[in-house]
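Below, each chain spelled out in residue letters.
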Amino acid sequence: MNKIRNYINGELVSPLSKKYMDNINPTTGKVYALIPDSDASDIDLATQSAIQAKKEWGNSSIEYRFKILMKIADLIERDIETLALAESIDNGKPLTLARNIDIPRAVSNFQFFATAIKHFASNAHELTGEAINYTLKKPIGVVACISPWNLPLYSFTWKIAPALAAGNCVIAKPSEITPMTAYLLSKICMEAGLPKGVLNIVHGLGSKVGNAISEHIDIKAISFTGGTETGRQIAKTAAPMFKKLSLELGGKNPNIIFADCNYEAMLKTTLKSSFANQGQICLCGSRIFIERTLYKKFKTDFVEKTKALIVGDPLMEQTDIGAIVSKQHQDKIMSYIELAKKEGGRILCGGEKVKLDGDNAEGFFISPTIIEGLSASCRTNQEEIFGPVVTIMPFDTEEEVLNYANSTVYGLSATLWTDSNARINRFTNTLEAGIIWVNSWLLRDLRTPFGGVKDSGIGREGGFHALEFFTETKNICIKYE
Ligand code: NAD
């Protein structure tokens, strides 16, 4: 059985407790690897090694860091097939998605921040005739990156790359549900010649390893992506210690469709924004509001296209919808489908577990589900489900749909489909979301600020925002003679 190991002080090591947990392939329901059940002692070991490494790495030249990060990017690119297969097996996502989106994005993350640090400038302010101020952006020291299971290597590297580029030493914790590509990344970092202790990857449960990170006095900043409740717990522990926090949390994103939109483009994209990665993307639009004049046509076409999606073995080329990441998550999604029925929802398609044949007979599959007949305020429309489940609702006026859209505690992203510039202006000004896509979805430019408002988090990732987060600003004022 493949035994995943921690990456501490430049070496692959067992957890100090020697305890391991099962890693389950969601497509087969069977254990296929073992994950270190690490605890606070492993986090302390990793932190001590990061402390040892931080002076040299923090003072290293930008050119040196650039070269190492670019080397890591090259090696991820070289191993794209191996990593995509590992990601698909670990997470249940279609192999085509891992090959075309997840792993190439991990390459881009390293390339982007390797080069971004070269352009990360600071300011000077002159008090005319009196003094000059200049501002330094110094690495924080030892920082932590905690990531979720939905886009495993993609979101893991989205945090690690800027942290390293800015000159920090990192304690990184991937999700215990999808640890495999983070483990493969440790081997790549060793091959790339990343100095020991600069990146430490510690596997294990959030309640042990994650908590130990929040509590550790020498970890000065935490960049976290995951659920809102977990973010709240981290903040509870870390905020009184004055740790810097970047929290990318849950969402319940509205997809607002007006009758004047480009219908074909909208329909094609809405299928993706509803069900890509089994609906397990924080940016998926799970509440779809359609102008009443278009509602009937949209409903017919959307249901037809959704029914044609192939739920199947993620390794097969033709599969659109792979496995749900875990049994526990499958149960959670099914419980929300039951709740929707109780709340008066009508299941237009899906709504069931899918039983496949052969090796996949025990896998965790759910057919893509569309529900109508619910109010915007019911629990199904207020709580994050994070699966292949969307609701559709008609609306009559702009004011009405804006109220619906802004009615949840979340504010991560929103999607708007319309041909009217005036309407685009009105909505983009008033929608409560950190990211708004107009006539598109998930078009990403890595330079743009990424993050949510309200209970979807605090702080922004992306571009120089990430480099700002991973540095401390120091102002120096020199009086002229
Ligand atoms: P989660 O909060 O359960 O876990 C995320 C990570 O936090 C994991 O590595 C986990 O082990 C760790 N963790 C758990 N408890 C912890 C604790 N007490 N202290 C420190 N770390 C702890 O989330 P998940 O189920 O892995 O991911 C799904 C959630 O992530 C959804 O809510 C989704 O919306 C959100 N998400 C948000 C974004 C975004 O950019 N805003 C992106 C992807 C996913």
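Residues numbered from 1 in each chain as written. Predicted model: local features only at pLDDT ≥ 70, side-chain atom pairs only at ≥ 80, totals over all residues. Heavy atoms only, no water.

**Focus: the packing of helix 3 (residues 80-91) against helix 6 (residues 180-192)**
Axes are the key here: two packed helices are described by the angle between their axes and the distance separating the axes.
Then comes step 1: At a minimum axis separation of 8 Å, helix 3 and helix 6 run at an interaxial angle of 155°. Classified by the interaxial angle, the pair formed by helix 3 and helix 6 is roughly antiparallel. Contacts between helix 3 and helix 6 pair Leu83, Ala86, Glu87 and Asp90 from the former with Met180, Thr181, Leu184 and Ile188 from the latter.
Then comes step 2: Taken together, the residues that form the contact of helix 3 with helix 6 break down as five nonpolar, one polar and two charged. (Axes fitted to C-alpha atoms, helices over the stretch in contact; angles between N-to-C directions. Helix = DSSP H or I, 4+ residues; strand = E, 2+ residues; numbered from the N terminus. Parallel < 35°, antiparallel > 145°, perpendicular 65-115°, else oblique. Contact = heavy atoms within 4.5 Å. Nonpolar A, V, L, I, M, F, W, Y, C, P; charged D, E, K, R; others polar.)

**Structural notes on empty space enclosed by the protein**
Take a probe with the size of a water molecule and roll it over the atoms, and the empty space left behind shows itself.
Then comes step 1: Across all of its chains, the model carries three cavities of 30 Å³ or more by this definition.
Then comes step 2: Estimates place the volume of the largest cavity at around 120 Å³.
Then comes step 3: Taken together, 15 residues line the largest cavity, and the ones lying closest to its centre are Gly279, Ile281, Cys284, Ser286 and Phe386.
Then comes step 4: When grouped by side-chain class, the residues that make up the lining of the largest cavity number seven nonpolar, six polar and two charged.
Then comes step 5: If you trace the second largest cavity, you find 15 residues lining it, with Pro254, Ala405, Tyr410, Ser413 and Glu432 closest to the centre.
Then comes step 6: Elements represented by at least two residues in the lining of the second largest cavity include exactly strand 13 (253-257), strand 20 (410-411) and strand 21 (413-417).
Then comes step 7: The residue makeup of the lining of the second largest cavity, split by class, is seven nonpolar, five polar and three charged. (1 Å grid on protein atoms, 1.4 Å probe; cavity = no way out; pocket = protein on both sides within 12 Å on 5 of 7 lines; lining within 4 Å. Points joined across faces, edges and corners; volume = space filled by probe spheres on them.)

**Considerations on the sheet that holds strand 15 (residues 346-349)**
Then comes step 1: If you trace the seven strands from one edge of the open sheet to the other, you get 15-18-19-14-13-21-22, paired in mixed fashion. Two strands bound the open sheet, and with one partner strand each, they are strand 15 and strand 22 (435-438). For this sheet the average axis-to-axis angle between neighbouring strands, irrespective of direction, equals 25°.
Then comes step 2: In the sheet, strand 15 pairs with strand 18 (residues 369-372) via three bridges, with the strands oriented antiparallel. Paired with Arg346 across the two strands is Glu372, which belongs to strand 18. (Pairing = 2+ DSSP bridges.)

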